[in-house]
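One-letter residues, chain by chain:
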Amino acid sequence: MKVDELSSLLEFDRRHVWHPYASATEPPPVNCAVKAAGSVITLADGTELIDGLSSWWCVAHGHNHPRLTAAIQEQLQEFCQIMFAGFTHAPAVELSRRLLAVVPEGMSRVFYADSGSIAVEVAVKMALQYQFSTGHGSRTRMLTVRGGYHGDTVGTMALSDPDGMHGCFAHVLPRHIFAPIPPVAFGAEWDDAALAPVAELLERHGEEVAGVILEPVLQGAGGMRFYHPAYLRGLRELCDRHGVLLVLDEVATGFGRTGKFFAAEYAGISPDIMCVGKALTGGTVTLAATLCNERVATGISKGAPGRLMHGPTFMANPLACAAGCASLALFEEYDWSEKVRGIEGQLRRELAPAASLPGATDVRVLGAVGVIELEQSLSPGALMPFLLREGVWLRPIGRYLYTMPPFVISASELSRITGVMVRIAAGEGL
Ligand code: PMP
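Residues numbered from 1 in each chain as written. Predicted model: local features only at pLDDT ≥ 70, side-chain atom pairs only at ≥ 80, totals over all residues. Heavy atoms only, no water.

> How should I be thinking about the overall build of the protein chain in this particular structure?
The helix and strand inventory of the protein chain stands at 14 helices and 16 strands. Relative to its length of 430 residues, the protein chain is compact, with a C-alpha radius of gyration of 22 Å against a globular reference of 22 Å. The principal-axis extent of the C-alpha atoms belonging to the protein chain is close to 65 × 55 × 45 Å. Here the protein chain holds 430 residues, and 52% of them are scored as buried. Relative to all contacts within the protein chain whose residues are 6 or more apart in sequence, the contacts with residues 24 or more apart total 72%. (Helix = DSSP H or I, 4+ residues; strand = E, 2+ residues; numbered from the N terminus. Rg over C-alpha atoms; globule rule 2.2 N^0.38 Å. Buried < 20%, exposed > 50% of the residue type's maximum accessible area, 1.4 Å probe, protein only. Contact = heavy atoms within 4.5 Å.)

In structure tokens:
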């Protein structure tokens, strides 16, 4: 791209195009991407950045994987979009077949949505509709844990940490019930007492609660915490005891990120409803899904209206479903779990030096997720010049400096990321 073309593009962007979590009047700096392949994003001025975030945790097999782009191109020859009411198509059916073969046991129905937030909205609607359709109309609230994040729509903000980034909306959101952050860390010694607060809340509010929703094992954008899977096992039992549905939001954790294909596998449990998104299409085209078991599906069908009242325009978009099929096929063809184990080992070794830095309060790693928790919040905008110079792409969330690299990342690329993270934790680049 010519220099004047680039500056006019950036100028128009600055004046008219809104970016995530950004001010319209004081827009943060943005970089113009022109290409991305494997772990590398190329900017208009030729700068190359190693993508330490899998572009918000979705590009699991790396950018522009030829198998995924070929699948999309093949589907392009046939049709790009068709309404899903009154139609079905092979990519949607094939993706459902593939998904149901890999999700936790008991999931039997797939509802496609167009983003993770909408998949969570659909999950909540399923839980509410199940309850009123089966004669439990008083169950109108959800229970969740603090420290969670489930999306940016009004419904999902109400389920995310009330002290988190959506705090300014707190006064207008539906009021759900919040249990404390799951208190026992992943790998720490389990203590049944950790379940007492949530057990007590269910005892007190059980008859009002339609479902419990949480991110299994890894709380992502709400604080990058890893908690003990026994918490989920206990919660499964508590939900059953209180007639409450268990909803797992695997939008971030799904498709190998934590070291298991789905994080629920650490606990050996099945939810009643689960949400997937992000890496479902290998990060190529937006697609998400809400899955449920027969109990939920038949429960909803019993009472009026007897149908699930949701139907997005781009439901089961054929290009996205074709990409999803190719992505799940790819997962079967290479040893993703070996890759993730390798990334995990390297992250543990190379982030360890940060633990002794004065500004770092914790260093933790699970699967292909590495986190340095800092005393002070970092500003992504302020860090950007340093990251551009170092050729690494990271975007901290508050005090959490983290990486979730593509599984195809090479050891030397990953070392560049961890090196930069440790230097930032030591105060460089700020
Ligand atoms: N749930 C979780 C656990 C997430 O991490 C996210 C996105 N980071 C969402 C839901 C929302 O997904 P989307 O951004 O696709 O709406």
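On we go.
> Which parts of the structure should I look at to understand the site of the ligand?
The ligand sits among Trp57, Ser115, Gly116, Ser117, Tyr149, His150, Gly151, Glu215, Asp249, Val251, Ala252 and Lys278. Taking Ser117, its side chain carries an N or O atom lying 2.6 Å from an oxygen atom of the ligand. A distance of 2.7 Å separates a nitrogen atom of the ligand from a polar side-chain atom of Asp249. Given that more than half its atoms are within 2 Å of the pocket grid, the ligand belongs to the largest pocket. The residue makeup of the shell around the ligand, split by class, is four nonpolar, five polar and three charged. (Near = heavy atom within 4 Å. Polar contact = N/O pair within 3.5 Å; in protein donor to acceptor, adjacent residues only side chain to side chain. 1 Å grid on protein atoms, 1.4 Å probe; cavity = no way out; pocket = protein on both sides within 12 Å on 5 of 7 lines; lining within 4 Å. Sits in = over half its atoms within 2 Å of the grid points. Nonpolar A, V, L, I, M, F, W, Y, C, P; charged D, E, K, R; others polar.)

> I'm lost on the state of the cysteines in this one. Help?
Two cysteines, two sulfur atoms, one covalent bond between them: this is a disulfide. Inspection of every chain in the model, using the stated rule, returns zero disulfides. Of all cysteine sulfurs in the structure, the one in Cys275 sits closest to Cys239, which takes part in no disulfide; the separation is 14 Å. For Cys239, a relative accessible area of 0% puts it in the buried group. In this structure Cys321 is a free cysteine whose sulfur lies 6.8 Å from that of Cys325, the closest cysteine sulfur available. (Disulfide = S-S within 2.5 Å.)

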